[in-house]
Structures are given as structure tokens and as C-alpha cells.
Amino acid sequence: MSSPQPDPANASANVPADDPAVLDGTRTETAGVEDMADLPVPRAEEEGPQFQLPRRLRYKPRRNPLESKVLRLTALIVLLALCGVAILALVQRQTGTSGLLIGISLAVLPVPLVLGAFYWLDRIEPKPLRNLLFCFAWGAFAATLVALLANTWATSLLIEHQIGSGETVGASVVAPLIEESAKGSAILLLFLFRRRDFSGIVDGMVYAGFTATGFAFTENILYIGRSVTEGERDGHGFALTVVTFILREVMSPFAHPLFTGMTGVGFGVAAMTRRRWLMVLAPIGGWVCAMFMHGTWNGSSALGGLGFLGVYFLFMVPVFGLMVWLVVWSRRSELLVVERQLPVYVAAGWLAPQVPLVLSTVRTRRQSKELARFVQGKDGARTMGEYLSFATSLAFLRQRAERGLAGADFTEREQELLHHLWERRERVAEVFVRVGAQEWYRKHPQPRRPYGYGYPQGPRPGYGPGRYPAAPGPYGQGPGPYPQPGPYAQPGAYAQPAPYAQPGPYARPTGYRTTGYPAPQPQAPAPYLPAQPPPGFHPPAYPGPQPLQPLPQQYRPAQPQPQQPLPQQPQHPEPADSTARTGSDGAE
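The structure presented is a predicted model; accordingly, all values stated were derived computationally and were not measured.

Draft legend 1. The arrangement of the overall build of the chain in detail. Looking only at helices and strands, the chain features 17 helices and zero strands. When each of the 588 residues of the chain is scored for burial, the buried share is 33%. Sequence separation of 24 or more characterises 74% of the internal contacts of the chain that already satisfy a separation of 6 or more. A total of about 38600 Å² of accessible surface is found on the chain, and carbon and sulfur atoms cover 61% of it.

In C-alpha cells:
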């Protein structure tokens, strides 16, 4: 028979409460097994573990290999490198070595222009360089490899089954589907794994432009290399190569960026909304538009020369202009976001009052960099560029938080950006004050002040007593050629006949020309006194400009020095002896 099992409760009750084994933790009250008393347990102290660990740990935390950033980056680089080697080998097989070299030398010409245009577009909030390099490499290596293999297989399948004109269907339907899907994959990856670097339409356009430029670079190598080989085989020389170069790199260097830009716009709209249905439909709609435009462009080659030019000027050029307008509008919207979001941090004391004004236009941003370079050298220009980038990122981060799109790390990222801005605040303060004051005056021009405003009443130099003694006026209204105190004080100064039109002290024949100057025209009296501001005028109050200081009380205008009066000369009537002299001359 089996022995009865001891009751744990009774066993615990039989242990004395003051047993030292229970007090020091070597035995628990609920153990119930006598062997557990031989396994001591270290007591946890408030200061932490008091024992020393061995030099070599046997237990280490194990993580998922896919969570390692180094491993993922290495895998991505290796994948793109393998795609580059594979596409290079395929292009060399189809074009030959000479065609490959000529194709590379000609295809690289428009690349700096196109990339420079998209890099200029990205000046408001520059994207990380690693993202741009990834997009270009993906388009040049991975997307072209997939497109070349898939297009070749699909076109041969269409020709084998005699589905329409195999090459035309492949160029108009299959190629757009495959190529736009391959290029759009890079934008999709950035949207999923680099969401914090994807904030709007401009970001989508920039990523799409870099990806499509890389794709067009490799595709141009292939087509130009083929034209070189075909020209040598058919005896056309470089004529076919020149035509291919003009069509692909002169007339349409932005063709692929324009197509893929539609997909980028769709992802940009998805990044700006919280609606689930719009986040799904916007990228799909952009992808469909990209395929339609790509298919229309490829299909125009089957319409002949006139049909190709019609599609180019009536469809591609207007769409390109529309896309340029959309990009400019989107960038202006980003500047408005910066101008609207940063005043919150100005009120909190983190930013200077001039920062939102300077960051609200591209022109003032450029002026601040140039002034920093002039005052502080290259280090100052670099510091200013970093400050502008951090401040812009801070404004966009707050904009995303207002839309409910910021993640749980919003506070941490905001504090990090404020820390960077505070470290550079002293070095850029002077530049912001100068550029901000200049921009404020440009947006708030000072109205022209009426004559005499801001100066004390009374005679001023140039309008005091004349330096010559008064002479009888030509009008019989008092001394001096001007009968009134001043030409501006009374409404009738110019309503009288011109003083130079009548015979007078200034109308006598002299050695100077007195004709040819029109007389002043009459004008209506002023609606307000000249020495007062116009009704409703109030000088603007801005802390920058200094108020107009009145003239000191001890100021006295310089008194003219007395001089000898002009001699009174009689009128000069027609001389009477002129006839007598004539007669005497005639008599002689």
C-alpha cells in the first residue's frame, strides 16, 4: 500500500515561526518538501544584486535577426549590388562593350540636371541622404532588372500567342504596368518603413523623381547602346544614335519622373490624412494615372511623327505644366505651415520673434545663409542651415500632431529638436534680427509722409527771408517776385500768371536762355494743411525702427549773410539810335 501524502498545510503549521531557516529565506513556509531547505535563494536587496557576475556571460538576450538595423542595411546593399551587376551584364550582352560605354557616357548627361531640380525642390525640409540614394539605386538597378526581364518575357509571350501586335501591346500595356509597379515599390517601402520622413506631396514627388531618374538612366544606356549596335550593323552610323539621344534625353528627360510622380503624389496625399479609405485609394489612383500616362506616351510612337508630336505638345507638355504648378503650390503650403506653427514656440521663449518671418519664404532663407556666411564664414553658414532644417522639422512635426498623425514619440522628438535649436540660438541671433527687420519693412512699407510732417513749424533754410532786398513785384501786389509767403501755403500761388511770363526784373535780355520752360499749371488747394499728417494716418508701431526725433529746441536756421543789393537797372525799350545808325551806315 502506498504511504499517505503529507498535508502541506499541516506541514507548514508544524514549522516554528521563529525558525532561522524561515527568517533567512533558506526555507519557505509553503515548501512542504524537506529537500528544498538545502537550496538557498539569494535575498534581493534594495541596492540591487550584491554578487559579482562572471567575465563571460552564458545567457544573452536573443533577438529576431530581422530587427537588426545593421543586418537589414547590409542585406539591402547586397541586394542592390547584385541587381546592379546583373543589369550591367544583361545590357552589355544586348549592346556590346562599345555600345555600353557610349550609352553610359550619353545617358549620364541629363542626370545632374534632373536630380538638381528635385534636390532644389527639397530645400524646405531636406530629406535624409540615405533615402535619396536608396531611391536612385532602386530605380537604376532593381526596378530596371525586374522591368527588363518581365517585359522581355511578356512581349515574347504576346508574340507567341499572336495577341494583336505583340510589340505595340507590350509597349502600351505591359511595360507601363511592370515599370510603374517596380518604380512605385521604392516609394511604398519608404512610406511603410520611413514614415517619419514622409510628410506630404513634395516628399512623394522628390522620392518618385529620384527613383524615376535612376530608372531612366539605366534605360537610356540600353536604348542608346542598342542604337549604336544597330547603326553599325545597318550602316547608318551614328545617325540613329543622335535621333535616340534627342528623343529620350533632350525632348523628354522628365518623362519617367513625371509618370512616377503621379504615384508619389498619391502617397503624399495618403501621408497627410487619417482616413483609411483615402490612405488606400490615393496611392492606387496615382499608380493608375502613372500607368495611363506611360502607356499614352509609349503608344504615341505607333501614330507616326505627326501623332507623336500631337501627343507631346497637346498632352505631355500641359500635364508637365500642371505638375509643376502642383509642386510649387505644395511647397508654398509648406512655407505657410512653418509660418503658422512656429509662433507657438516664440511665445514659449524657444525661438526669436524674427524666426517665423525669416523661415516663411525661400528668399529670406537664402539671405540668412548668405549673411551668415559673410559674417561668420563657412561654419556660420552650416550652423544656419542646420538651424533652418531643425526649425522646419519642428513645424512639420507639430502639424502632424495637430492632424493626429504623430506617433507616441512626439514629445521625445519635439524635445530633441528644441535642444538642437537652443544650442545654435546664440550664433544665429544677429543674422535673424537683421534679415527679419529687412523683411518686415518690405512687407510693411512706410507711407510717404506729407511735406512738413514731423518737423517744427517756422521758417526753415531755403524758405526764410530772401538774401536780396525786396523789389517792386511785377504784379503790383507787394515786394518780391512771389507775392505770398510761400508757394505751398496758399492755394493761389500757381493760379496766377507765371512770374517769368511778364516783363519784370527777370525778363530782361541776358546771356541765359529764358524760353522753352512751360509755365506751371494751376492746381487745386490741398485738402489738409501741409504740416499735418493726412486724416486717418497713424505711423506703424514696430519694435525695430527708431521713432523720428524732433529737431532740438536750440536749433536755429542759418541766417543769410547780408550782401550788396542789386543795382536797379532801367527797362530796356527798343533803342532809338538803331534806326539812325542804320541810316548813317546807309549814308556812308
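Draft legend 2. Highlighting the environment of Gly266. Mapped onto the fold, Gly266 is located in helix H9 (residues 255-271). Separated by 66 residues in the primary sequence, Gly266 and Gly200 place their C-alpha atoms 9.6 Å from one another.

Draft legend 3. Structural detail: the side chain of His294. Assignment of secondary structure puts His294 in helix H10 (residues 276-299). Relative accessible area serves as the criterion here: at 2%, His294 is assigned to the buried category. Once residues within four sequence positions are removed from consideration, His294 is found in contact with Pro176, Glu179, Glu180, His256 and Phe259.

Draft legend 4. Main features of helix H3 (residues 69-107). Spanning 39 residues, H3 covers only 34 Å between terminal C-alpha atoms, well under the ideal 57 Å at 1.5 Å per step. Of all the bends found along H3, the most pronounced is centred on Gly96 and spans about 110 degrees. Regarding H3, the residues found buried are Leu80, Cys83, Gly84, Ile87, Leu90, Val91, Thr95, Gly99, Leu100, Gly103 and Ala107. Taken together, the buried residues of H3 touch helix H4 (111-121), helix H5 (129-160), helix H7 (201-234) and helix H8 (239-250).

Draft legend 5. Seen up close, the packing of aromatic side chains. Tallying each qualifying case throughout the model produces 14 aromatic pairs. The interplanar angle of 50 degrees and the centroid separation of 5.3 Å between the aromatic rings of Trp297 and Phe308 together place this pair among those described as tilted. Placement of the pair is Trp297 in helix H10 and Phe308 in helix H11 (residues 304-341), with a sequence separation of eleven residues. Accessibility expressed as a relative area gives 16% for Phe308, which makes it buried.

What counts and what doesn't
Residues numbered from 1 in each chain as written. Predicted model: local features only at pLDDT ≥ 70, side-chain atom pairs only at ≥ 80, totals over all residues. Heavy atoms only, no water. Helix = DSSP H or I, 4+ residues; strand = E, 2+ residues; numbered from the N terminus. Buried < 20%, exposed > 50% of the residue type's maximum accessible area, 1.4 Å probe, protein only. Contact = heavy atoms within 4.5 Å. Areas by Shrake-Rupley, 256 points an atom, 1.4 Å probe, with all protein chains shown as cover. Expected span 1.5 Å × (residues − 1). Bend = angle between axes of the 7 residues up to and from the residue. Phe/Tyr/Trp six-rings, centres within 6.5 Å; stacked < 30°, edge-to-face > 60°.

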